[in-house]
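Residue-level listing of the chains:
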Amino acid sequence: LFDGIYPFYPQQRKAAVFDIRTIIVIVVFLTLACSFLLIIPGIRGRARLYWTLRVLLSLFVGVVIVAVQFTGDWETGWVQANTSYKSFSCARVSADIGLHIGLAGVNITLRGNPVHQINETINYNEHFPWDFGADYDRSYSEGLQKGLPSPILYVAEKFSRQSPCAVHRQYRIAGHYASAMLWVAFCTWIISNILFSMPVLVYGGYMLLVTGAFMIFSLLSFSTVRNSPMCLIQIGTGTLHVTYGGSFWLMLAVGLLCLVAGITIVAMHHLNLDLLKAFFDLREDKAEEHQEMPEVFVNPHFVSKGL
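In this text the structure is predicted, and so the values were computed from the model without any measurement.

### Re the overall build of the chain
Next up, step 1: From N to C terminus, the chain includes 10 helices and seven strands.
Next up, step 2: Long-range pairs, those at least 24 residues apart, make up 67% of the contacts in the chain with a sequence separation of at least 6.
Next up, step 3: Approximately 17800 Å² of the chain is accessible, and the part contributed by carbon and sulfur atoms is 63%.

Structure follows, in C-alpha cells:
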C-alpha cells in the first residue's frame with residue numbers, strides 16, 4: 001500500500017486492437033496496390049488480367065512476410081474463469097483471459113464478462129517483450145509496480161526468466177531465428193520480383209522457391225518451442241491451453257503458395273515456355289522470332305531519278 005491507497009492505475013486502460021507497426025505495413029502495401037490499380041486500364045487485352053493477378057499475389061506475399069513479424073497470434077489461448085481481480089482484495093470477477101504469443105513477446109488480455117463489474121471497466125491488453133534488446137523481467141516488474149490485475153501478472157510470471165517453467169529462453173531464441181528467416185524470405189521475395197521484371201523467369205521461379213523455403217524454415221524454428229513442456233496455467237477452475245494461431249497458419253499457407261508457384265514456373269519453363277511467356281506478357285512478334293525483314297515501300301519518284 002502507498003499511503004493507504006492500492007497501487008493501481010489512476011484510470012482504466014483501454015485494450016489495444018492493432019499494433020501500430022502492423023497498420024503501417026498494411027497501409028504501405030495497400031498504397032502500392034492502389035497505385036497499380038490506377039494504371040491497370042492502360043494495359044490492353046488479356047495481359048491486364050495476368051498483370052493484375054501477378055502483382056496482387058506478389059504484394060500479398062510481401063505484406064504477409066513483413067506483417068506477421070509484428071503480430072501477436074502465432075500461438076493463442078483463451079479461458080473463462082471466476083478469479084480474483086486485484087491483490088490485497090477479496091473481490092472476484094468473471095472474465096475471459098487470453099494469451100497471445102508472437103515472435104517478439106507475449107500479449108495477455110483480460111476482459112470482464114460482462115465488461116463492467118465491481119464499479120470498474122475490466123478490459124486490459126498488456127504486452128511483455130522478450131526480443132533481443134528488450135528486458136522481459138523489467139516489464140514484469142513495472143507491471144507489479146503499476147498494480148496490474150492478478151490474472152495478468154500470474155500468466156506473465158510463467159514466461160519470466162525466474163519461472164520454474166523455463167520457457168522464456170526457448171521462446172526468445174525461437175522467435176529471434178524465425179524473424180531472421182522471415183527477413184531473408186523478404187529479401188528473396190524482392191529479388192524474385194526483380195528477376196521477373198528483367199525478365200529472367202526461370203531464375204525468378206528459383207528465388208520464389210527459396211522464399212517459400214525460408215518461410216517454412218521460420219515455422220519450423222518457431223515450432224521448436226513445443227519441445228519444451230509448457231507449465232499448466234491454472235486460473236480458477238479453468239486451464240489455459242495455447243494452440244497455433246492465425247499468423248502461424250497464414251504463414252504456412254503463403255509459404256506453400258510460394259513453393260507451388262515456384263515449382264509451376266520452373267516446370268513451365270521446361271515444358272511450355274510459350275505459355276509462360278504469355279502469362280508474363282513476353283511474347284515476341286513472329287517477325288522478330290524468325291528474323292524476317294518487314295515489307296519496305298519505296299517512292300518511285302526517287303527510283304526514277306536514280307537516287
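### Quick notes on the packing of helix H2 (residues 47–67) against helix H7 (residues 246–271)
Next up, step 1: Where H2 meets H7, the closest approach of the two axes is 10 Å, and the angle between their N-to-C directions is 140°. In terms of axis orientation, H2 runs oblique to H7. Like other packed secondary-structure pairs, H2 and H7 cross with a definite hand, here left-handed. Counting all contacts with H2, which are made through Phe60, Val61, Val64 and Ile65, the residues of H7 involved are Leu250, Met251, Val254 and Cys258.
Next up, step 2: Across the contact of H2 with H7, the residue classes tally to eight nonpolar, no polar and no charged.

### Quick look at the packing of aromatic side chains
Next up, step 1: Under the counting rule described, the total for this entry stands at 16 aromatic pairs.
Next up, step 2: On the basis of an interplanar angle of 80° and a centroid distance of 5.9 Å, the ring pair of Phe214 and Phe217 is categorised as edge-to-face. You can see Phe214 and its partner Phe217 sitting in helix H6 (residues 201–223), three residues apart, about one turn around the helix.
Next up, step 3: You can call Phe214 partly exposed: its relative accessible area is 25%.

### A look at the UniProt feature "transmembrane region" (unreviewed entry) in the chain
Next up, step 1: UniProt annotation of "transmembrane region" (unreviewed entry) refers to residues 20–39, 51–70, 177–196, 203–222 and 248–268 when read in the numbering used here.
Next up, step 2: The span residues 177–196 shows a helical share of 100% and a strand share of 0%, and its end C-alpha atoms are spaced 29 Å apart.
Next up, step 3: When the span residues 203–222 is considered, its composition is 100% helix and 0% strand, and the gap between its end C-alpha atoms is 29 Å.

### As for the packing of helix H5 (residues 168–197) against H6
The axes of two packed helices give the description: the angle between them and the distance between them.
Next up, step 1: Running from N to C, H5 and H6 cross one another at 170°; their axes reach a closest spacing of 8 Å. Taken together, the axis directions place H5 and H6 in an arrangement best described as roughly antiparallel.
Next up, step 2: For the contact of H5 with H6, a count of residues per class yields 21 nonpolar, seven polar and no charged.

### Section: the state of the cysteines
Next up, step 1: Counted according to the given criterion, the structure contains one disulfide.
Next up, step 2: Covalently, Cys165 is tied to Cys231 through a disulfide, its sulfur atoms 2.2 Å apart. Given an S-S torsion of about -135°, the disulfide between Cys165 and Cys231 has left-handed geometry. Placement of the pair is Cys165 in the loop between helix H4 (150–157) and H5 and Cys231 in the loop between H6 and strand S5 (233–235), with a sequence separation of 66 residues.
Next up, step 3: The class of Cys165 is buried, set by a relative accessible area of 9%.
Next up, step 4: A relative accessible area of 27% means that Cys231 is categorised as partly exposed.

### Here's the deal with the sheet that holds strand S1 (residues 75–84)
Next up, step 1: Read across the open sheet, the five strands follow the order S4-S3-S2-S1-S7; overall the sheet is antiparallel. Each end of this open sheet is capped by a strand with a single partner; those strands are strand S4 (120–129) and strand S7 (243–244).
Next up, step 2: Taken together, the 10 bridges between S1 and strand S2 (residues 92–101) define a ladder with antiparallel strand orientation. When the bridges of S2 are listed, Thr76 appears paired with His100.
Next up, step 3: On top of the sheet, helix H3 (residues 136–146) reaches strand S3 (105–117) and S4; it is set at about 160° to S4, its chief contact.

### Thoughts on the environment of Ile97
Next up, step 1: Among the secondary structure elements, Ile97 is positioned in strand S2.
Next up, step 2: For the pair formed by Ile97 and Thr83, sequence separation is 14 residues and the distance between their alpha carbons is 10.0 Å.
Next up, step 3: Excluding residues that lie within four positions of it along the chain, Ile97 makes contacts with Gly77, Trp78, Val79, Ala81, Thr109, Leu110, Pro151, Val155, Ile235 and Leu240.

Reading the values: rules and limits
- Residues numbered from 1 in each chain as written.
- Predicted model: local features only at pLDDT ≥ 70, side-chain atom pairs only at ≥ 80, totals over all residues.
- Heavy atoms only, no water.
- Helix = DSSP H or I, 4+ residues; strand = E, 2+ residues; numbered from the N terminus.
- Contact = heavy atoms within 4.5 Å.
- Areas by Shrake-Rupley, 256 points an atom, 1.4 Å probe, with all protein chains shown as cover.
- Axes fitted to C-alpha atoms, helices over the stretch in contact; angles between N-to-C directions.
- Parallel < 35°, antiparallel > 145°, perpendicular 65-115°, else oblique.
- Left-handed = near helix turned anticlockwise from the far one by under 90°.
- Nonpolar A, V, L, I, M, F, W, Y, C, P; charged D, E, K, R; others polar.
- Phe/Tyr/Trp six-rings, centres within 6.5 Å; stacked < 30°, edge-to-face > 60°.
- Buried < 20%, exposed > 50% of the residue type's maximum accessible area, 1.4 Å probe, protein only.
- UniProt positions renumbered as here; feature names shortened; annotations may be inferred.
- Disulfide = S-S within 2.5 Å.
- Pairing = 2+ DSSP bridges.

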